[in-house]
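Coordinates in review
Each chain, letter by letter, is given below.
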Amino acid sequence: MEQKRDKSHEGDQERISPVLLKSRTGEFDLESILFLKLRNLGIHDLGCIGECINLERLDLSGNNITSLAPLASLRLLSVLNLCANRISNVDPLRNCESLQNLNLAGNVINSFECLYALQSLRKLENIRLKDNTYNYSNPVCRSTAYRAHVLEMFPNIKVLDGERVVGRGSDLYQLCKDIDDTIKAGSYKNGQLVEHSDCKPWVEDNFWEIKRSNNAIVDEAYKQFNDVLHECRLLNNRATHVISQTERSMSLKKQSKQYAI
């Protein structure tokens, strides 16, 4: 009997059911669920997830999902994590008109054509198809023109694969990337690291040392800070002494009670 119960429980985990959703969220009305996290549950069938029509954030990472059909009714969904599944077709997501952040890293998307359905999503600004941190990717990412092609398909996105494309920080990121590529290209010759004996540090040895200012205001601030620090140490010593005395007196009271018994 116990074996049968375990198997039925595993079956429930493989398919999203009202029982699973209620146990995970505490909500008895599926339309009241706004945020849902169903990671690493072995789910392959999205079941009744489409009934959560007010869902805004959904995490289905680390499952065995192949079909996204039930997600087509989630028009308020803004954040969707589908990484580490077995997805090759994202057509149902064309109806998720509020979608802003989409993670598809670690699936089986083979071509750029598979992504055309996402072009109608006007609010989409963050797409991830690969994640180097967890070694997640898609077959389409192997293309030499992958990044340029995706940016051409989605000219309005701000972040691709965790790297900012436009907006604050994008120029700095690109500059650092260009410098890094240049350094790497100049550091190797015939596959071996080239050592430059004439390399010198950019700054002097004592550049990072803190120098005392001649400013009287700064000196006074140093003095006040040291005074406050000294008082804090004195207070800490007093507190430690009081605590030790209290613990000693309490232990003596306990011993006297034991003797009385």
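Scroll up for the structure.
Sequence positions are assigned chain by chain, starting from 1 and proceeding in written order. Per-residue local features are limited, in this predicted model, to residues with pLDDT of at least 70; the limit for side-chain atom pairs, both in listing and counting, is 80 or more; totals at the level of whole chains, interfaces and linings are taken over all residues. Note that water and hydrogens are dropped before the side-chain values are worked out from all heavy atoms of the structure.

1. Things to note about the side chain of Asn103
Among the structural elements, Asn103 can be located in strand E4 (residues 101-103). In this structure Asn103 comes out as buried when scored by relative accessible area, which is 14%. Leaving out residues up to four positions away in the same chain, Asn103 has contacts with Leu80, Asn81, Leu82, Cys83 and Arg128. By definition, any uninterrupted DSSP run of H or I lasting at least four residues is a helix, any uninterrupted run of E lasting at least two residues is a strand, and each is numbered from the N terminus. Here's how the labels work: a residue is buried when its accessible area is under 20% of the maximum for its type, exposed when over 50%, partly exposed in between, all with a 1.4 Å probe on protein chains only. The contact definition used throughout considers only heavy atoms, calling two residues in contact when any of these lie within 4.5 Å.

2. Let's talk about the packing of aromatic side chains
Stacked, tilted and edge-to-face pairs are distinguished by plane angle, under 30 degrees for stacked and over 60 for edge-to-face with tilted covering the rest, among Phe, Tyr and Trp rings (Trp via its six-membered ring) whose centres lie within 6.5 Å. Applying the stated criterion across every chain yields a total of one aromatic pair. Relative to Tyr136, the ring of Tyr134 lies with its centre 5.8 Å away and its plane at 25°, an arrangement referred to as stacked.

3. Comments concerning the side chain of Asn138
In this structure, Asn138 sits in the loop between strand E5 (126-128) and helix H3 (146-153). The buried category is assigned to Asn138, whose relative accessible area is 2%. Each polar contact in these results corresponds to two N or O atoms within 3.5 Å; when the atoms are within protein, one needs to be able to donate a hydrogen and the other to accept it, and residues that are neighboring in sequence are counted only if both atoms are side-chain atoms. In this structure the side chain of Asn138 is engaged in a polar contact, spanning 3.0 Å, whose partner is the backbone oxygen of Leu104. Polar contacts involving the side chain of Asn138 include one to the main-chain carbonyl oxygen of Leu129, which spans 2.8 Å. When sequence neighbours within four positions are dropped, the list of residues in contact with Asn138 reads Leu104, Ala105, Gly106, Asn107, Val108, Ile109 and Leu129.

4. Things to note about unusual backbone geometry
If you check the backbone angles, Ala84 has positive phi at about 60° while not being a glycine. For Ala84, the position within the fold is in the loop between strand E3 (79-81) and E4. Positive phi outside glycine occurs at Asn135, with the angle close to 60°. The exposed category is assigned to Asn135, whose relative accessible area is 71%.

5. Concerning the nonpolar core
For the purposes of this section, nonpolar cores are sets of buried Ala, Val, Leu, Ile, Met, Phe, Trp, Tyr and Cys residues that join through side-chain atoms within 4.5 Å. Grouped together as the largest cluster of nonpolar side chains are 46 residues, with contacts concentrated most on Ile16, Leu21, Ile49, Leu58, Leu93 and Leu118. In terms of residue count, H3 provides more of this core than any other element does, three residues in total.

6. Notes on the pattern of salt bridges
Take a side-chain nitrogen of Lys or Arg and a carboxyl oxygen of Asp or Glu: if they are within 4 Å of each other, that pair is a salt bridge. One pass over the full model with this rule turns up seven salt bridges. Notably, a salt bridge pairs Asp45 with Arg15, separated by 3.2 Å at the nearest N-O pair. Of this pair, Asp45 sits in the loop between strand E1 (35-37) and strand E2 (57-59) while Arg15 sits in the loop between helix H1 (2-14) and helix H2 (18-25); the two residues are 30 residues apart in sequence, bridging distant segments of the chain. We classify Asp45 as partly exposed; its relative accessible area is 28%. Here Arg147 and Glu163 are joined by a salt bridge, their closest N and O atoms 3.1 Å apart. In this pair, Arg147 is assigned in helix H3 and Glu163 in strand E7 (residues 163-164), connecting sequence segments 16 residues apart. Judged by its relative accessible area of 29%, Arg147 falls in the partly exposed class.

7. Description of the environment of Met153
Inspection of the secondary structure assignment puts Met153 in helix H3. The class for Met153 is buried, based on a relative accessible area of 8%. Taking C-alpha positions, Met153 is 7.0 Å from Gln119, a pair spaced 34 residues apart along the chain. Sequence-distant contacts of Met153, that is, excluding residues within four places in its chain, are made with Phe112, Leu115, Tyr116 and Gln119.

8. Quick look at H3
Within H3, burial applies to Tyr146, Val150 and Met153. Seen end-on, H3 carries its buried residues on one side only, within an arc spanning 60°. In this structure, H3 carries Ala148 and Glu152 as exposed residues pointing more than 90 degrees from its buried face. Buried residues in H3 make contact with strand E6 (159-160). Read the arc as the range of directions from the helix axis to the C-beta atoms.

9. Considerations on the sheet that holds E1
With respect to topology, seven strands assemble into an open sheet ordered E1-E2-E3-E4-E5-E6-E7, the strand pairing being mixed. The sheet is open, and its two edges are formed by E1 and E7, each paired on a single side. One bridge is not enough; two strands pair if DSSP finds at least two bridges between them. Direction of pairing for E3 relative to E4: parallel, over a ladder of three bridges. Counted as the bridge partner of Val79 is Asn101 from E4.

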